[in-house]
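Here is how the chains run, residue by residue.
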Amino acid sequence: EAVVHWFKRDLRLADNRALHLASEKAKSKSMPLVCMFIVSPQDYQAHCTAAARVDFELRSLEALKPDLEELDIPLHVMVVPKRKEIPEKIIEKCMEWKANHIFCNIEYEVDELRRESLMTQKCLEKGINFTAVHDDVVVAPGQLKTGAGKQFSVYSPWYRAWVAHIHRHPELLDTYERPRKNPDSARKKFKDLFEMSIPSAPENKQLSSEERTRFESMWPAGEHEAEERLQKFLQQKIGKYKDTRNFPAANSTAVISVHLSAGTLAARTAVRMARSANSTQKLDGGNAGISGWISELAWRDFYKHVLAHWPYVCMNKPFKFEYTNIEWEYNDEHFAAWCEGRTGFPIVDAAMRQLNHMGYMHNRCRMIVASFLSKDLLIDWRMGERYFMEHLVDGDFASNNGGWGFSASTGVDPQPYFRIFNPLLQSEKFDPKGEYIRRWVKELENVQGNAVHAPYERGVEKMAKEKGYPRPIVEHKVCRDRALARYKTGLQRD
Ligand code: FAD
């Protein structure tokens, strides 16, 4: 009597594979389509989901609801306090609606995969069909293999295989049509659902009213906003992306990760649209900005393939086991200084303050602060990974875990452990005029010239002190030697 689409991190109508399949199934059976979304406080807690991210999801649902209503499709948002109960609560609802088919898009984290297999089993017991499909990635995990038939663990050959695979299967970039309109009877039948409103954030993930206003204005939600953002980037910025992407003050990246994470934009849509802007009509070659941007989007797929193939990365283990035995410092004061952006290293502090204010940080800065935490401060990278998840509005397990593993040298295809960023050189190279630093570190906004990169060493000590900007909490050279020694000893212990 009904077909259900279970929304997860795919909060859009456009180009949504499972939603499209659900709608086609409903039409073929002359049944209405019903959509649902689960809010689980325990799930948010377990995944360290940032309150700002929860807020973004709920606002995206608010944006989705009227679009569904126009098609006479109801949206039921259900709060399930205990995550273990999610499958049975979904099934209970389906029984109530007499639904005999549930569709959803697959999530690749280990808990979610387990939940999917539990759903399959429980649905089977109740005679309900359950279809979970690949949608979050452009190429499904498991499709790309090395010459020896194994999963790639190095990005460059994987990327070449990814490009070749899509060129061989251009249909992977085809659009899935939006769902069809429900039969008129759906309005009456699901009257209660149409009258329900989207719940507010659970108690453990509430923002203060100041934060709510701030995040709402910085991160307008929903798929229409995502589409507009993408169009603007493709028209105005992508051409120069390759040359400008590393400069945090340049405002030259798409700032679209939040939409890819919540699924208000499909990676497939982003790649397809970028490809059609390229003169070659391909993923590589042609405009360097376009092919460069597509290759960054590919990193997102890469890390999801890694996650799906090596689920232990979800279990607090380093991808490279030989890095299990590094002796970390557990210096609470240093960790707090890093979190709060008061390490005395202006580029690090600017970046952490951007994160704390916006729930977002530029990619170059993510690498700088991750290297600083894991190598200069020798603090366990997992503490940084967790802090990021707790604060990022675009928090995504695979990309975050991959990024931390890369910078801390413990992950898949990482920086070699002896490559240790010098924060001062990074600062001078990627924020040459100090604009990014002055924007985020108010104590240094009036510092002229090069002194902004290292105020205590470059003659503005008095001004920095008066404004309350801290001295560097560590000395890079000393830390560098310590990290080299510790990593080396850790590896020998393996
Ligand atoms: P653009 O430069 O415009 O790139 C377009 C898209 O490509 C991004 O939106 C993103 O989906 C993808 N992408 C770009 N670079 C990467 C990358 N290195 N790895 C994976 N995907 C990439 N990204 C997240 O979405 N969520 C995270 O939780 C996250 N944590 C990170 C943690 C660390 C330590 C590091 C080094 C990187 C992390 N990234 C994460 C990747 C990257 O920093 C962001 O995706 C990017 O900064 C988002 O800005 P943008 O949309 O303007 O990116």
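Residues numbered from 1 in each chain as written. Predicted model: local features only at pLDDT ≥ 70, side-chain atom pairs only at ≥ 80, totals over all residues.

Undergrad: Please clarify how the nonpolar core should be interpreted in this entry.
TA: In a soluble, globular protein the nonpolar side chains are often hidden away together inside. Core analysis: the biggest nonpolar cluster contains 89 residues, and V4, V34 and I102 have the highest contact counts within it. When residues of this core are assigned to their parent elements, the largest contribution, nine residues, is made by helix α14 (residues 288-309). Setting aside chain neighbours within four positions, we find I102 in contact with V4, W6, I90, C94, C123, I128 and F130. Ranked by size, the runner-up nonpolar core spans 40 residues in total, among them Y323, I326, I379 and A408. (Core = buried A, V, L, I, M, F, W, Y, C linked by C-beta atoms within 7 Å. Buried ≥ 20, exposed ≤ 12 C-beta atoms within 10 Å, placed from the backbone. Helix = DSSP H or I, 4+ residues; strand = E, 2+ residues; numbered from the N terminus. Contact = placed C-beta atoms within 7 Å.)

Undergrad: What's the story with the domain arrangement of the chain in this structure? I'm lost.
TA: Interfaces are frequently sized by the accessible area removed from exposure as the parts join. Along its sequence, the chain is organised into domain 1 (1-136), domain 2 (137-172 + 217-310) and domain 3 (321-493). Counting from both sides, the interface comprises 19 residues of domain 1 and, opposite them, 20 residues of domain 2. Tallied by class, the residues present in the side of domain 1 that touches domain 2 amount to seven nonpolar, three polar and nine charged. (Domains from an automatic or database assignment. Nonpolar A, V, L, I, M, F, W, Y, C, P; charged D, E, K, R; others polar.)

Undergrad: How do you make sense of the site of the ligand when you look at a structure like this?
TA: Within the structure, the ligand sits among 29 residues, and T253, A254, S257, N400 and G403 are positioned closest to it. When contributions to the shell around the ligand are tallied by element, the ones reaching two or more residues are α12 (257-262), α14, α17 (363-376) and α19 (397-408). Counting residues per element, the shell around the ligand draws most heavily on α19, which supplies six residues. Looking at side-chain class alone, the shell around the ligand contains twelve nonpolar, eleven polar and six charged residues. (Near = placed C-beta within 6 Å.)

Undergrad: Please clarify how the UniProt feature "domain: Photolyase/cryptochrome alpha/beta" (unreviewed entry) in the chain should be interpreted in this entry.
TA: The sites that UniProt annotates as "domain: Photolyase/cryptochrome alpha/beta" (unreviewed entry) are residues 1-138. End C-alpha to end C-alpha, residues 1-138 measures 33 Å, and it is 49% helix and 22% strand. (UniProt positions renumbered as here; feature names shortened; annotations may be inferred.)

Undergrad: What should I look at first to understand the environment of P41 in this one?
TA: Assignment of secondary structure puts P41 in helix α2 (residues 41-46). A residue is classified by how many C-beta atoms lie within 10 Å of it, and P41, with 19 of them, is partly exposed. Separated by 39 residues in the primary sequence, P41 and V80 have C-alpha atoms spaced 7.5 Å apart.

Undergrad: Just to check I follow, could you spell out the pairing of strand β5 (residues 129-133) for this structure?
TA: Every second residue of β5 is oriented toward a common face, the buried set being F130 and A132 and the non-buried set N129, T131 and V133. Relative to β5, strand β4 (residues 99-105) runs parallel, the two being bridged by five bridges. The residue of β5 that forms the bridge with I102 is F130. The handedness of the β4 to β5 crossover, carried by helix α5 (residues 110-126), is right-handed. (Pairing = 2+ DSSP bridges. Right-handed = clockwise from strand over helix to strand, strands pointing away.)

Undergrad: Got a minute to help me understand helix α13 (residues 267-277) in this structure?
TA: Along an α-helix, a turn takes 3.6 residues, which lines up residues three or four apart on a common side. Burial analysis of α13 places eight of its eleven residues in the buried class, which makes it a mostly covered element. Buried positions along α13 lie against α10 (223-236), α12 and α14.

Undergrad: Help me understand the pairing of strand β1 (residues 2-7), please; the structure alone is not making it clear to me.
TA: Across the six residues that make up β1, a large majority, six, are buried. Residues of β1 alternate between two faces, with A2, V4 and W6 on one and V3, H5 and F7 on the opposite face, all of them buried. Both β1 and β4 contribute to a ladder of four bridges, which runs parallel. Pairing of V4 across the sheet is with I102, part of β4. Where β1 lies against strand β2 (residues 33-39), five bridges are found, and the strand directions are parallel. From the neighbouring strand, V3 faces β2, where its bridge partner is L33.

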